[in-house]
Amino acid sequence: MTSTMIKFRNVSKTIGNKQVLVRIRLTVSQGSVVGIIGAKGAGKTTLLRLAAGVLYPDAGEVWVTGKKVHPGLLGGLPSGIGALIESLAFLPQLSGLRNLAMLARIRRRINTNSIRTSMLRIGLNPDNRNPVWSYSLDMRQRLGIAQAIMEEPSVLLLDEPTNGLDQEGRRLLADILEEQTRRGASILLVSDRQADINPFCDKLYSLEEGVLLPIRQRREHKWIIMTNSAEDLELLSLNIPSFQKIGWMNNNLAGTCMGEWETDEELFAFLALKGIYSTAIRKDH
Amino acid sequence: MLLFELYYRRQSRWLVVYSLITIHFLLMGLMSSGLASIWQFVISIFTQPLAAIVIFPILFIIMFADLVSANDSDRFTDYTLTRFKSRVAWFLSKIGVLAVSAFLFTAISIAIALLLAICIGFPMESISSEHSLVGKQSMPLSDLLMIIVVYTCTLAAFGTFVIMISLFTRSARAAGWIGAIMSLIGYGCWMEESLRTYLKWTPTSQMLVSQLADSNRGSLLTIQWSFTYNSFLFVLSLLVCISIIRKVDLSKSV
């Protein structure tokens, strides 16, 4: 059974004179990835900071890992959070490993080996003694991701996670997010570009003028559809906007598309409804 | 957390502060050629009213006035805060950093003064010195110990007070200026005979070790007063800071 790891219940927040969030309702279940897109200054980062306890809501409630995030007597903070929020603020004169070791020393939950493993996982060399100021944007972003995942948090809050990452970095990030959800972590991603986080997300929302609007409630998968008729191939192009022909495959005409179908049966049923006959379909991983 | 914060104080800032301290010591050394020993030189530096009330406190707040509020602009808060159990635990770790830094700041300054005294060529007298602070029979080392304790306690209390102001104003710079003005007011009270009765009420005058050492001889300040004043200032500032930090927005950007 999956439980709710992050819950925003009618959360409103004003920063300065601007009402950034208006009665936000959002739920992130265990092992799922929720994405939020919005223009710069729309309040995406504010949403993450509310979940991290850096800010408290003016109205409504924020719950993280079953604990209400509110001032209380000591200024309560959620536990088990891994965050990469906005800019990449590291100590520039130290190496990546030393930066992470200093942060890890606060919780004292992991040792140097775990830090090294996290760095290697995102494609950084932990033995690189160069100071962080000499890192490229790509390397800094990777270091930010490594610090977020190194303590195996149950909730990951990632702000523009693909920012500055090269193709290899994006592939590694996708693998890491997959691993994290498989071990039960819940992930909240925000970005100003839908294409950057769309492939990772089970649910996707848009934040516009402080209001959260659902874009899609299910994860999109990439499908390969094969058919032996050119006519069916044209019908596929007409009925599925994202469909792209890729030519011949196993003596069939084939194409790829993105869609929210979870199983082969769901896609077959959709195609049958449209009167399209396909010889084979498969999810492309 | 200590190492993190010490590294965060950029090397350039360390360099500027200790360069100013060294220049001050050097000028003092060149103007104090009549002093009999390195101990007398070091003690005279740390008991001089201008240095005690103005120079050391201002240099200290240049280093640490932004201990809490700088994180806001540099985004360190997001990384460090999320690793603590509560905001108060996070803040107390910073105050711990401040207290340890007050000690290090004093100890390093004394070390620089000793080194300079040796370089300038003051004679190294025997450990028992008639130029010692507390009395003819006291050891210079006990004087240095007293300086370290008084400076550490006062800088920690004054630093916490400045941090409290930085939380009110949401600006380390404004807090630094207010702290500097308070130091100057303290020095004004020392300089102006008619205002000396107010001296004991200013935070940085608690560092007037020469007055504290003369506690039993009707001085303006006593050790008991200074201890009570610093404790009260520290605890009050701490409680006000905690009441702010537990609920305030730790980021101003959207």
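Treat the numbers as computed from the prediction; the structure is a model and nothing was measured.

Attention now goes to the overall build of chain B. Along chain B, the regular secondary structure elements total 11 helices and 0 strands. In sequence order, chain B lays out its α and β elements as α-α-α-α-α-α-α-α-α-α-α. By residue count, 56% of the 254 residues in chain B fall in the buried class.

Residues and elements named next belong to chain A. Relative to the assigned elements, Asn228 resides in the loop between β11 (221–227) and α7 (230–239). Residue classification places Asn228 among the exposed residues on the basis of a relative accessible area of 52%. Residues Asn228 and Ser278, spaced 50 residues apart in sequence, show a C-alpha to C-alpha distance of 7.3 Å. If we ignore the near neighbours within four places in the chain, the residues touching Asn228 are Asn252, Tyr277 and Thr279.

Here the focus is the interface of chain A and chain B. Listed per partner, the contact involves 42 residues of chain A and 30 residues of chain B. Taken together, the two surfaces of chain A and chain B that pack against each other cover about 3200 Å², and 57% of this comes from carbon and sulfur. The three residues of chain A that bury the most area against chain B are Val54(A), Leu77(A) and Ile106(A), which together make up 18% of that side's buried surface. Taken together, chain A and chain B are joined by 3 salt bridges. In this structure, the connection of chain A to chain B is made through 13 residue pairs in polar contact (both at pLDDT 80 or more).

With that settled, consider a nonpolar patch on the surface. Residues and elements named next belong to chain B. On the surface, Val100, Phe103, Leu104 and Ile108 cluster together into a nonpolar patch covering about 290 Å² of accessible area. Summarising the element assignment, Val100 is placed in helix α7 (residues 87–120). Classification of Val100 by relative accessible area gives partly exposed; the value is 34%.

On to helix α4 (residues 49–64) of chain B. Residues and elements named next belong to chain B. Spanning 16 residues, α4 covers 22 Å between terminal C-alpha atoms, matching the ideal 22 Å at 1.5 Å per step. Along α4, the sharpest kink reaches roughly 30°, centred on Ile55 and followed within four residues by the proline Pro57. A large share of α4 lies buried, amounting to 12 of its 16 residues. Residues of α4 that are buried include every one of Pro49, Ala51, Ala52, Ile53, Val54, Phe56, Pro57, Leu59, Phe60, Ile61, Met63 and Phe64, and no others.

Attention shifts here to the UniProt feature "transmembrane region" (unreviewed entry) in chain B. Those places that UniProt annotates as "transmembrane region" (unreviewed entry) correspond, in this numbering, to residues 12–32, 38–65, 95–124, 144–167, 174–191 and 227–245 of chain B. Counted over residues 174–191 of chain B, helix gives 100% and strand 0%. Its end C-alpha atoms are 26 Å apart.

Once that is clear, we can look at the state of the cysteines. Where two cysteines share a covalent bond between their sulfur atoms, that bond is called a disulfide. According to the stated counting rule, one finds 0 disulfides over all chains in the structure shown. Left unpaired, Cys241(B) is separated from the closest cysteine sulfur, that of Cys153(B), by 18 Å.

This part is about the nonpolar core. The biggest cluster of nonpolar side chains holds 145 residues, and the ones touching the most others in it are Phe8(A), Leu26(A), Leu157(A), Phe46(B), Phe56(B) and Phe91(B). Considering each element in turn, this core owes the most residues, 16 residues, to helix α8 (residues 140–169) of chain B. Excluding residues within four positions of it along the chain, Phe56(B) makes contact with Ile21(B), Phe25(B), Ile45(B), Phe46(B), Ala51(B), Phe105(B), Ser109(B), Tyr151(B), Leu155(B) and Met207(B). With 13 residues, the next largest nonpolar core counts Trp223(A), Phe243(A), Leu267(A) and Leu271(A) among its residues.

This part covers helix α5 (residues 167–182) of chain A. Residue and element names in this part refer to chain A. For α5, spanning 16 residues, the distance from its first C-alpha to its last is 23 Å, which sits close to the expected 22 Å at 1.5 Å a residue. Looking only at α5, the buried set comprises Gly169, Leu172, Leu173, Ile176, Leu177, Gln180 and Thr181. Down the axis of α5, the buried set is contained in an arc of 165°. They therefore lie on one face. Exposed side of α5, more than 90 degrees from the buried face: Gln167 and Arg182 are the residues found there. For α5, the secondary structure elements touched by its buried residues are β3 (33–37), α3 (112–121), α4 (137–149), β7 (155–159) and β8 (186–191). Just downstream of α5, Gly184 is the residue with a positive phi angle, here 105°.

Conventions adopted
- Residues numbered from 1 in each chain as written.
- Chains lettered and ligands numbered in written order.
- Predicted model: local features only at pLDDT ≥ 70, side-chain atom pairs only at ≥ 80, totals over all residues.
- Heavy atoms only, no water.
- Helix = DSSP H or I, 4+ residues; strand = E, 2+ residues; numbered from the N terminus.
- Buried < 20%, exposed > 50% of the residue type's maximum accessible area, 1.4 Å probe, protein only.
- Contact = heavy atoms within 4.5 Å.
- Buried area = accessible area lost by both parts, 1.4 Å probe.
- Salt bridge = Lys/Arg side-chain N within 4 Å of Asp/Glu carboxyl O.
- Polar contact = N/O pair within 3.5 Å; in protein donor to acceptor, adjacent residues only side chain to side chain.
- Patch = residues over 30% accessible without salt bridge, like charges linked within 9 Å, V, L, I, M, F, W, Y side chains within 5 Å.
- Areas by Shrake-Rupley, 256 points an atom, 1.4 Å probe, with all protein chains shown as cover.
- Expected span 1.5 Å × (residues − 1).
- Bend = angle between axes of the 7 residues up to and from the residue.
- UniProt positions renumbered as here; feature names shortened; annotations may be inferred.
- Disulfide = S-S within 2.5 Å.
- Core = buried A, V, L, I, M, F, W, Y, C linked by side-chain atoms within 4.5 Å.
- Arc of directions from axis to C-beta.

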